[in-house]
Amino acid sequence: MSFLGEFKAFAMKGNVIDLAVGVVIGAAFNKIVGAIVDSIIMPIVGVLIGGFDFKSLAIEVGSAKIMYGLCIQAIVEFIVVAFVLFLVIKAINRMKKPEEAPAPAGPTPTEQLLMEIRDELKKQ
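Because the structure is a prediction, the values reported are computed rather than measured.

Here is what the cut-offs are and how they apply
Residues numbered from 1 in each chain as written. Predicted model: local features only at pLDDT ≥ 70, side-chain atom pairs only at ≥ 80, totals over all residues. Heavy atoms only, no water. Helix = DSSP H or I, 4+ residues; strand = E, 2+ residues; numbered from the N terminus. Rg over C-alpha atoms; globule rule 2.2 N^0.38 Å. Buried < 20%, exposed > 50% of the residue type's maximum accessible area, 1.4 Å probe, protein only. Areas by Shrake-Rupley, 256 points an atom, 1.4 Å probe, with all protein chains shown as cover. Lys, Arg positive; Asp, Glu negative; His and termini not counted. Charge placed at Lys NZ, Arg CZ, Asp CG, Glu CD. Core = buried A, V, L, I, M, F, W, Y, C linked by side-chain atoms within 4.5 Å. Contact = heavy atoms within 4.5 Å. Patch = residues over 30% accessible without salt bridge, like charges linked within 9 Å, V, L, I, M, F, W, Y side chains within 5 Å. Salt bridge = Lys/Arg side-chain N within 4 Å of Asp/Glu carboxyl O.

(A) Layout of the overall build of the protein. Within the protein, the regular secondary structure consists of 4 helices and 2 strands. Scaling as 2.2 N^0.38, a compact globule of 124 residues should have a C-alpha radius of gyration of about 14 Å, whereas the protein reaches 30 Å, well beyond that. Dimensions along the principal axes, computed over C-alpha positions, put the protein at roughly 100 × 55 × 30 Å. Taken across its 124 residues, the protein has 9% of its residues classed as buried. Carbon and sulfur atoms make up 70% of the accessible area of the protein, which totals about 10,600 Å². When the 12 basic and 12 acidic side-chain charges of the protein are each reduced to a single mean position, those positions are 4 Å apart.

(B) View of the nonpolar core. Core analysis: the biggest nonpolar cluster contains 6 residues, these being Val-33, Val-37, Met-42, Phe-54, Leu-57 and Val-81. It is helix 2 (residues 14-48) that provides the largest number of residues to this core, a total of 3 residues. In this view, Val-81 contacts Phe-29, Asn-30 and Val-33; residues no more than four positions away in its chain are not counted.

(C) Representation of a nonpolar patch on the surface within the structure. A cluster of nonpolar side chains, contributed by Ile-32, Ile-36, Ile-40, Ile-44, Val-45, Leu-48, Ile-49 and Phe-52, occupies part of the molecular surface with about 720 Å² of accessible area. If you trace the backbone, Leu-48 turns up in helix 2.

Okay, structure coming up:
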């Protein structure tokens, strides 16, 4: 099989396509979470702890400006995404039907014969 044929077979597998869809949806979800954190959660947290904007938190070291407020905001975004994913996975697991255990196989002919011999010996 040629290189191009192998690549086509790989790309058309269901897992690869599912992964691609997941990445696209994840990127869109990340933008939504970012907007919620930027415009709703962080302003509320800022007001609750003293009324400052996290984006403006920075330390100047020489001529460099280290903006640690953006790092705090990214951590909050990560926590929100992780929590929502936890809830989604928990809901999916709840919707799955529990797998039924396979019925135990009956005794083999040899075991059946041994059980009959045992039962006969108990009668005597």
